Amino acid sequence: MKYYSTNGKAPIADLQKAVVKGLAEDRGLYMPEAIKLLPKVFFDNIQEMNFQQIAYNVASAFFGEDVDLDALQDIVYDTLSFDCPVKQVKENIYALELFHGPTLAFKDVGARFMARLLQYFIRQEAGGRSQETGDVNVLVATSGDTGSAVANGFLGVEGIHVYVLYPKGKVSPIQECQFTTLGKNITAIEVDGVFDDCQTLVKSAFMDEELNQHMMLTSANSINVARFLPQAFYYFNAFARMKALGKAGNLVMCVPSGNFGNICSALFGHEMGLPIKRFIAANNANDIFFKYLQTGKYEPKASVQTLANAMDVGDPSNFARIINLYSQNNKLTDEATHHRITNLISGATYSNEQIKETMRQCYAETGYILDPHGACGYQALVDGLQPGEIGVFCETAHPAKFKEKVDDILGTDVEIPERLAAFMRGEKQSVEMTKDFADFKAYLMKQ
Ligand SMILES: *Cc1c(COP(=O)(O)O)cnc(C)c1O
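What comes next concerns the included structure.

Each value, and the rule that gives it
- Residues numbered from 1 in each chain as written.
- Predicted model: local features only at pLDDT ≥ 70, side-chain atom pairs only at ≥ 80, totals over all residues.
- Heavy atoms only, no water.
- Phe/Tyr/Trp six-rings, centres within 6.5 Å; stacked < 30°, edge-to-face > 60°.
- Buried < 20%, exposed > 50% of the residue type's maximum accessible area, 1.4 Å probe, protein only.
- Helix = DSSP H or I, 4+ residues; strand = E, 2+ residues; numbered from the N terminus.
- Salt bridge = Lys/Arg side-chain N within 4 Å of Asp/Glu carboxyl O.
- Arc of directions from axis to C-beta.
- Contact = heavy atoms within 4.5 Å.

**Section: the packing of aromatic side chains**
Stage number 1. Enumeration over the complete set of coordinates arrives at 16 aromatic pairs.
Stage number 2. Aromatic side chains Phe62 and Phe63 sit 5.9 Å apart centroid to centroid with 50 degrees between the ring planes, which places their arrangement in the tilted category.
Stage number 3. A relative accessible area of 0% means that Phe63 is categorised as buried.
Stage number 4. With a centroid separation of 5.3 Å and an interplanar angle of 85 degrees, the aromatic rings of Phe228 and Phe268 are classed as edge-to-face. Of the two residues, Phe228 is situated in helix H10 (residues 225–228) and Phe268 in helix H12 (residues 261–271); the sequence distance between them amounts to 40 residues.

**Considerations on the pattern of salt bridges**
Stage number 1. With the rule as written, the count across this model stands at 24 salt bridges.
Stage number 2. A salt bridge links Glu65 to Lys36; its shortest N-O distance comes to 3.1 Å. A residue pair is termed long-range when its members are at least 10 positions apart, and Glu65 in the loop between helix H3 (51–63) and helix H4 (69–79) and Lys36 in the loop between strand E3 (30–32) and helix H2 (40–45) qualify at 29 residues.
Stage number 3. When the shortest N-O distance is used, the salt bridge between Glu432 and Lys168 registers 3.4 Å. Here the residue Glu432 occupies a position in strand E14 (residues 431–433), and Lys168 occupies one in the loop between strand E7 (160–167) and helix H7 (173–180), the gap between them amounting to 264 residues.

**Topic: helix H15 (residues 334–344)**
Stage number 1. Turning to H15, its buried residues are Thr337, His338, Ile341 and Leu344. Seen along its axis, H15 keeps its buried residues to an arc of 135 degrees; they face one direction. Of the exposed residues in H15, the ones pointing more than 90 degrees away from its buried face are Glu335 and Asn343.
Stage number 2. Looking at the buried positions of H15, the neighbouring elements they touch are H12, strand E11 (278–283), helix H13 (288–295), helix H14 (319–326) and strand E12 (345–349).

**Here we look at unusual backbone geometry**
Stage number 1. Despite not being glycine, Arg27 has its phi angle at roughly 70 degrees, a positive value.
Stage number 2. If you check the backbone angles, Lys184 has positive phi at about 50 degrees while not being a glycine.
Stage number 3. Given the relative accessible area of 69%, Lys184 is considered exposed.

**Some thoughts on the environment of Gln175**
Stage number 1. Tracing the chain through its elements places Gln175 in helix H7.
Stage number 2. The exposure class of Gln175 is buried, given its relative accessible area of 7%.
Stage number 3. Linking Gln175 and Gly426, residues 251 residues apart in sequence, is a C-alpha distance of 13 Å.
Stage number 4. With residues near it in sequence (within four places) discarded, Gln175 still touches Ser143, Gly144 and Asp145.

Here it is in structure tokens:
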């Protein structure tokens, strides 16, 4: 499979290049040249298959031309070592729980898949040569969630070292322990600054020629095709589980969205023939996509902080992919593209007050504990579901990841899953760093 850039000004790339580079030379996002329709027999029998089998079929359609099929199966099975059940919350509304992975949030699947795919390509390269190639070094800046998913996804993956840069004192203790206590091939770098300083350090490192001569650097950004495409597995599996319940006829899929990678993968699934009737993108107060649906105008702005902070995005990267998909790579007019998008996707936006109210109401009515991100998805279904439709919303994080907020809002004492408790017992190890690039560079040059 070849990959082109949404900006249309970069050379076509193969999968390996798209994964290693992340972003195209023209700063566009990579798109696969073809999206394969899966055969009818796959959908006819999908309810008989388990999550791993379904995912392997989907992965083969995306990556089967570029990755040896046995290796691909191994990567898929290793990535999906946990389940993503659908649970009924109330009449016609189901939660798709994407939080049973290592760091209890949905980014785990993409991060692990990318780590294993990158390792596959490194081994392919090394195979032809007699001497060992050096490590590949992944740099990632995080305000909390991405760092933990990437660190755990890459943990113990031979040939790859990960540096997680995070702002000192600005990440909650529950989040911090998920990437500072791992050791092995994961180094946490505690930067005396804010998140933007971390991101600037990473960007400067990629542009520094001397550093790039010294070590091979790559990013694990969420726009990477190896991180976002595997999320489509979730939606095929959800369809299968709903079909087994006899409830898949009129499905509405609702995705709490920030950078729009998750919903974008669902839309790719739809293009592959997944019979979802329509989608809802649920936003917090960062309502740029919601406004686009209303007006046809895309007006990015600075993000505002909310209770659902993993969705605090003012200029969602994957918007470019959605536009590219429905404009047929810019062949359609803006109006025609907008029309196609609004026919399939609707929006919703919720303030912090509404998120709290939703969490309280849902808990009182049903006993189900929503996290602030999932709350946006749940409420969008309560508000938007039409008669005869069945709604499934993604519960993107375990409520214990936001325990302080959730307990405060609901008056609960949410139980901390053992996996998270184990992180909290671990010993924090980090390297202190200033926000001065010269210091960061000097540190990396010694590695
Ligand atoms: C990243 C994240 C989101 C938003 O997903 P996007 O793919 O960026 O739209 C929602 N909820 C949680 C818990 C997340 O970590």
